[in-house]
Amino acid sequence: MQDPNKDTEWNDILRKKGILPPKENLEEQERAKEEEQFAILQKSLVKTYEDMTLEELEENEDEFNEEDEKAIEMYRQQRLAEMKAAQMKNKFGEVLEISGKDYVQEVTKAGKGIWVVLHLYKQGIPLCALINQHMSGLAKKFRDVKFIKAISTTCIPNYPDKNLPTIFVYLEGDIRAQFIGPLVFGGMNLTRDELEWKISESGAIKTDLEENPRKQIQDQLMSSIRACVPAKGDSDSEDD
């Protein structure tokens, strides 16, 4: 079959009859096709700076032009910020035990934007032990929050045992919330989800719980009570 792109007398006749497109259109189509193929080839062979690690950027920096270098510098700063944010999210992960002498360094000077959850406790108080256990789980879940525990009297001399357990929530050295005494925590039935919800109300952690777990228990309790109490009509009919 004859190539329709060749300059032949027969192709010229076909172009005049409108059977073949004008030669100019064919040339434009060919040029566009070549450019498209070149772009695809270039994309497949050349790794763009967005796909490179910081180490690869440094290795290939001589191959970039001035405009690329400006974009790369912005991209490098963005990557550094992302890495720093990722490190901050995984900065802690454990409950730190402190004493009074560590308070200023670990709480007041914790750092900009760092939330601190401090549990004052004493050995031999079951609810304190339960909260320490729950805090270990929360520290692993919310690694960007600093969870701390301290024996109460090492931080606050003569702190009364009746106020234990106590949780203080700080942001940049300022108290944002405080939970004092066993009644606030609901006693030994306190679950980790309930403690998570309580701390989340201060803003220190971003919980994935959709509602207060304590409310579910209260709703179930009320349903049980209503089921056990006979309706007024039933009571009257029994009296008859």
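In this report, we go over the structure that sits alongside the text. Fair warning: this is a prediction, and the values are worked out from it, not measured in the lab.

1. Some remarks on the pattern of salt bridges
Overall, the coordinates contain seven salt bridges when judged by the stated rule. Here Glu97 ties to Lys149 by a salt bridge, and the two come within 3.8 Å at their closest N and O atoms. Linking Glu97 in strand E1 (residues 95–97) with Lys149 in strand E3 (residues 146–151), this pair joins segments that are 52 residues apart in sequence. Using a relative accessible area of 39% as the deciding quantity, one classes Glu97 as partly exposed. For Arg214, the salt bridge is made with Glu194, and the minimal N-O distance between the two is 2.9 Å. With a gap of 20 residues between them, Arg214 in helix H10 (residues 213–228) and Glu194 in helix H9 (residues 192–200) connect regions that are remote in the sequence. The exposure class assigned to Glu194 is buried, which follows from its relative accessible area of 5%. Among the ionic contacts, a cluster of salt bridges with common partners joins Lys141, Glu196 and Asp208.

2. Section: the sheet that holds E3
Strand order in the open sheet made by the five strands is E1-E3-E2-E4-E5, with mixed pairing throughout. The open sheet has two edge strands with one neighbour each: E1 and strand E5 (174–180). Strand-to-strand twist of the sheet, defined as the mean angle between neighbouring strand axes without regard to direction, takes the value 25 degrees. Pairing analysis gives six bridges linking strand E4 (residues 166–171) to E5, with the strands arranged antiparallel. Paired with Ile167 across the strands is Phe179, a residue of E5.

3. Describing the nonpolar core
Generally speaking, soluble globular proteins have nonpolar side chains that are buried together. Counting residues in hydrophobic clusters, the biggest one holds 22 residues, and the most contacted among them are Val117, Ile131, Phe147, Ile167, Phe185, Leu195 and Ile199. Counting residues per element, the ones that place at least two in this core are strand E2 (115–121), helix H6 (126–141), E4, E5 and H9. Looking at which element gives the most residues to this core, the answer is H6, with six residues. Counting 15 residues, the second largest nonpolar core, distinct from the first, contains Ile98, Ile114, Leu118 and Tyr121.

4. Quick notes on the side chain of Glu196
Here Glu196 is to be found in helix H9. For Glu196, a relative accessible area of 0% translates into the label buried. Setting aside anything within four residues of it in sequence, one finds Glu196 in contact with Leu138, Lys141, Phe142, Ile205, Thr207, Asp208 and Leu209.

Here is what the cut-offs are and how they apply
- Residues numbered from 1 in each chain as written.
- Predicted model: local features only at pLDDT ≥ 70, side-chain atom pairs only at ≥ 80, totals over all residues.
- Heavy atoms only, no water.
- Salt bridge = Lys/Arg side-chain N within 4 Å of Asp/Glu carboxyl O.
- Helix = DSSP H or I, 4+ residues; strand = E, 2+ residues; numbered from the N terminus.
- Buried < 20%, exposed > 50% of the residue type's maximum accessible area, 1.4 Å probe, protein only.
- Pairing = 2+ DSSP bridges.
- Axes fitted to C-alpha atoms, helices over the stretch in contact; angles between N-to-C directions.
- Core = buried A, V, L, I, M, F, W, Y, C linked by side-chain atoms within 4.5 Å.
- Contact = heavy atoms within 4.5 Å.

Read these as geometric descriptors, not functional statements.
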